[in-house]
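Here is what each chain is made of, one letter per residue.
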Amino acid sequence: MQLQLPEPSADARAASHSLQHLIADEIRRCGGWISFARYMELALYAPGLGYYSGGAAKLGKEGDFTTAPEISPLFGATLAQLATELFQPDALAIMEFGAGTGKLAFDILSELRAAGKLPKEYCIVEISGQLRARQQEVLSEFAQVRWLDSLPATFSGLVLGNEVLDAMPVQLVVKAEQGWLERGVSLTAQEQFCFADQACDQALVAQIPDADTLPVGYLSEVHPIASGFMQALASMLQGQRAAALLFDYGFPAREYYFAGRAQGTLMCHYRHHAHPDPFYLPGLQDVTAHVDFTAMALAGINAGLDLLGYTSQAGFLLTAGIGDLLLRTSPEQASAYLPQANAVQKLISPAEMGELFKVLALGCNIEWPQRLVAHDRSHRL
C-alpha cells in the first residue's frame, strides 16, 4: 500500500532510517522474529530515535495529534476543581503521567493558584527528554513541580493519566485454523519489516471474552504491559488516600473483542493523518491502540484498588462541572464566550471526543462524589 502522506525533512528521514537499522539488527539477533510489543517499544521509545524519545513535535497544530488539554484550558480547570473537592489543601498532591507539552499541568496549577489552593507538590513522570524540557519551560513559574524518572514507592493524592495507556506497547494475536497465534515482526528478503506469526502463549488471549467463538482470521491487540502498569500504580497507591483518573480512547472488553472488529484497533498518526501502517517511517509517527478498559480495571482491582467509576469523557466532564466553568464567561460576551463554548463542545460532543474517550477512576480510601455516578458505566466493564 502506497501512503500519500506529507514528506519528512531529510534529517527526520535519516533518523527514521537509523531506527530502522536498529530494529532490524534486533530482529536478526533474536533469530528473525520479535514481538510486535517489542517493535512498538523501539519505534516509540528507543533512546534518541523513538517517537517519544526523539525531538520531533508531537502535539498541537505542528505535531501529529491534539489532546484534550490542548483544546481547552477548562479541561484542566475541571480537574483542578475536582482535586479540591477530593483533598484538603494541605493534603493535596498531584502526579501526572506523560504530561505532553505541560498544558494540562499549567491549567490545573493556574486554576488552583487563582483559588489559593496550590498543591504541596505536582509530580510529573515523563520519559521523553524533549517533552520534559518543554514542560520545564512552560511550568517554570510553579515551584511545586518536580519531575520523576520512575514511580515512587508510595503516593497519596490525585494521579492523572491523559492518553497514557494507549501509548503502551501492545501484543498482537490472530485466530488461525489451529488456534491462536502471536503476530510479530520479521524481515523480508529485501530487509523490509513484515508481519510473521508464531506459536502463542495462551495466557495472552485470556483477556478476550469468548475467544473460542471468534472467527478464523480475527486479529486484535492484548495489553499485558498496560496491565502491568496498572498493577504498579495500584502498588504505589495501596493503603494511601488516593484517586487515579485515566482518560483514553477505548472500550470494555466485550465491545473491544467482537466479531465485527475483526482487524483490531491499531492505528498510526503522522502530521494529523491517521493510517494503519506501523512500519511507515518508524520514529516519526505515533503507533497506538485502543484501551481495553476491562483489563485495566481488573488489573487495578486485583492489585487492591477500588473501582470508583467508569464513564464517557462527556459524562465525566459534565458532571464534574465543566459547564459551570464555561459560564464564568458570560454568553453575552460573544467574542470571548463562543471560542470557549466551541472548544468545550469538541470535548463533550459524541461526534468528537465525548463518546470515544472514556474515564476510568480507581482509588483507595477516597469518597467519590455522588454526582459523578450519574453517568456511570461500570456495569459494562
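Residues numbered from 1 in each chain as written. Predicted model: local features only at pLDDT ≥ 70, side-chain atom pairs only at ≥ 80, totals over all residues. Heavy atoms only, no water.

### Examining the overall build of the chain
Per the secondary structure count, the chain includes 12 helices and 16 strands. For the chain, the C-alpha radius of gyration of 21 Å lies close to 21 Å, the compact-globule estimate for 381 residues. Counting only C-alpha atoms, the chain reaches 65 × 50 × 40 Å along its principal axes. Expressed as a percentage of the 381 residues in the chain, the buried residues total 56%. For the chain, contacts bridging at least 24 residues in sequence account for 76% of all contacts bridging at least 6. Accessible area for the chain stands at about 16,100 Å²; split by element, carbon and sulfur atoms hold 52% of it. One way to put it: in the chain the 25 positive side-chain charges average out to a point 3 Å from where the 40 negative ones average out. (Helix = DSSP H or I, 4+ residues; strand = E, 2+ residues; numbered from the N terminus. Rg over C-alpha atoms; globule rule 2.2 N^0.38 Å. Buried < 20%, exposed > 50% of the residue type's maximum accessible area, 1.4 Å probe, protein only. Contact = heavy atoms within 4.5 Å. Areas by Shrake-Rupley, 256 points an atom, 1.4 Å probe, with all protein chains shown as cover. Lys, Arg positive; Asp, Glu negative; His and termini not counted. Charge placed at Lys NZ, Arg CZ, Asp CG, Glu CD.)

### Some words on unusual backbone geometry
One non-glycine residue with positive phi stands out, namely E163, at about 55°. Within the secondary structure, E163 sits in the loop between β5 (157-162) and β6 (171-176). Exposure remark for E163: the relative accessible area of 15% places this residue in the buried category. At D210, a residue that is not glycine, the phi angle is positive and equals roughly 50°.

### Side note on the layout of surface pockets
Roughly 680 Å³ of volume is contained in the largest pocket. Along the walls of the largest pocket sit 34 residues, with Y45, F97, G98, V164 and A167 positioned nearest its centre. Mapped onto the lining of the largest pocket, the elements with two or more residues apiece are α2 (36-45), α3 (68-71), β2 (93-97), α5 (103-114) and α7 (224-237). (1 Å grid on protein atoms, 1.4 Å probe; cavity = no way out; pocket = protein on both sides within 12 Å on 5 of 7 lines; lining within 4 Å. Points joined across faces, edges and corners; volume = space filled by probe spheres on them.)

### Notes on the pattern of salt bridges
Side-chain pairing between opposite charges can occur once the charged atoms of the two side chains come close. In the structure shown here, the tally under the stated rule is 16 salt bridges. Across the pair R13 and E7 runs a salt bridge, and its minimum N-O distance is 2.8 Å. The exposure class of R13 is partly exposed, given its relative accessible area of 28%. With a closest N to O distance of 2.3 Å, E191 and R28 form a salt bridge. Taken together, the residues E191 in the loop between β7 (179-187) and β8 (193-199) and R28 in helix α1 (residues 10-29) connect sequence positions 163 residues apart. For R28, a relative accessible area of 41% translates into the label partly exposed. (Salt bridge = Lys/Arg side-chain N within 4 Å of Asp/Glu carboxyl O.)

### Observations concerning the nonpolar core
Residues L79, I108, Y122, L158, L245, F316 and W368 are the most contacted members of the largest nonpolar core, which totals 49 residues. Every residue in contact with L158, bar those within four places of it in the chain, is listed here: L79, A83, L86, F87, A93, I94, M95, A243 and L245. (Core = buried A, V, L, I, M, F, W, Y, C linked by side-chain atoms within 4.5 Å.)

### Description of the confidence of the model for the chain
Across the chain, pLDDT averages 94, with 96% of residues at or above 70. In the predicted structure, residues 58-62 sits below a pLDDT of 50 and forms 18 contacts with residues beyond four places in sequence or in another chain. (pLDDT = per-residue confidence, 0-100.)

### Regarding the packing of α1 against α2
A packed helix pair is summarised by two numbers, namely the angle formed by the two axes and the spacing between the axes. Interaxial distance between α1 and α2 falls to 10 Å at its minimum, and their mutual angle equals 150°. Considered as vectors, α1 and α2 are oriented roughly antiparallel to each other. The two elements α1 and α2 meet at a crossing, and its hand is right-handed. On α2, the residues that touch L19, L22, I23 and E26 of α1 are R38, Y39, L42 and A43. For the contact of α1 with α2, the per-class residue count stands at 6 nonpolar, no polar and 2 charged. (Axes fitted to C-alpha atoms, helices over the stretch in contact; angles between N-to-C directions. Parallel < 35°, antiparallel > 145°, perpendicular 65-115°, else oblique. Left-handed = near helix turned anticlockwise from the far one by under 90°. Nonpolar A, V, L, I, M, F, W, Y, C, P; charged D, E, K, R; others polar.)

### Quick word on α5
One full turn of an α-helix is made of 3.6 residues, so residues set three or four places apart face in the same direction. In a regular helix each residue adds 1.5 Å, so 12 residues correspond to 16 Å; α5 covers 16 Å between its end C-alpha atoms and thus fits that length. Directly after α5, the chain includes G116, whose backbone phi takes a positive value near 70°. (Expected span 1.5 Å × (residues − 1).)

### Some details on the environment of S335
Along the chain, S335 falls in helix α12 (residues 334-348). For S335, a relative accessible area of 69% translates into the label exposed. In this structure, the C-alpha to C-alpha distance between S335 and I348, residues 13 residues apart in sequence, is 21 Å.

### As for the sheet that holds strand β12 (residues 273-275)
Spatially, β12-β11-β13 is the arrangement adopted by the 3 strands of the open sheet, whose pairing is antiparallel. Whereas interior strands pair on both sides, the edge strands pair on one side only; in this sheet they are β12 and β13 (286-288). Within the sheet, the average angular offset between the axes of one strand and its neighbour, ignoring direction, is 25°. (Pairing = 2+ DSSP bridges.)

### With respect to the packing of aromatic side chains
Aromatic ring pairs are defined here through the distance separating the ring centres and the angle between the ring planes. Summed over all chains, the structure comprises 18 aromatic pairs. Ring geometry for F75 and F247: centres 5.1 Å apart, planes at 65°, overall edge-to-face. With F75 in helix α4 (residues 73-86) and F247 in strand β10 (residues 242-251), this residue pair connects regions lying 172 residues apart in the sequence. On the accessibility criterion, F75 (0% relative accessible area) is buried. Note on F106 and F142: the rings are 5.9 Å apart at their centroids and 75° apart in plane angle, and the pair reads as edge-to-face. Residue F106 is found in helix α5, and its partner F142 is found in the loop between α6 (129-138) and β4 (145-148); the two are separated by 36 residues along the sequence. Given the relative accessible area of 4%, F142 is considered buried. The rings of F36, Y39, F193, F195 and F279 are connected pair by pair, giving a single aromatic cluster. For the cation-ring pair, R261 lies above F251, with the distance from its terminal atom to the ring centre recorded as 4.1 Å. (Phe/Tyr/Trp six-rings, centres within 6.5 Å; stacked < 30°, edge-to-face > 60°. Lys NZ or Arg CZ within 6 Å of the ring centre and 35° of its normal.)

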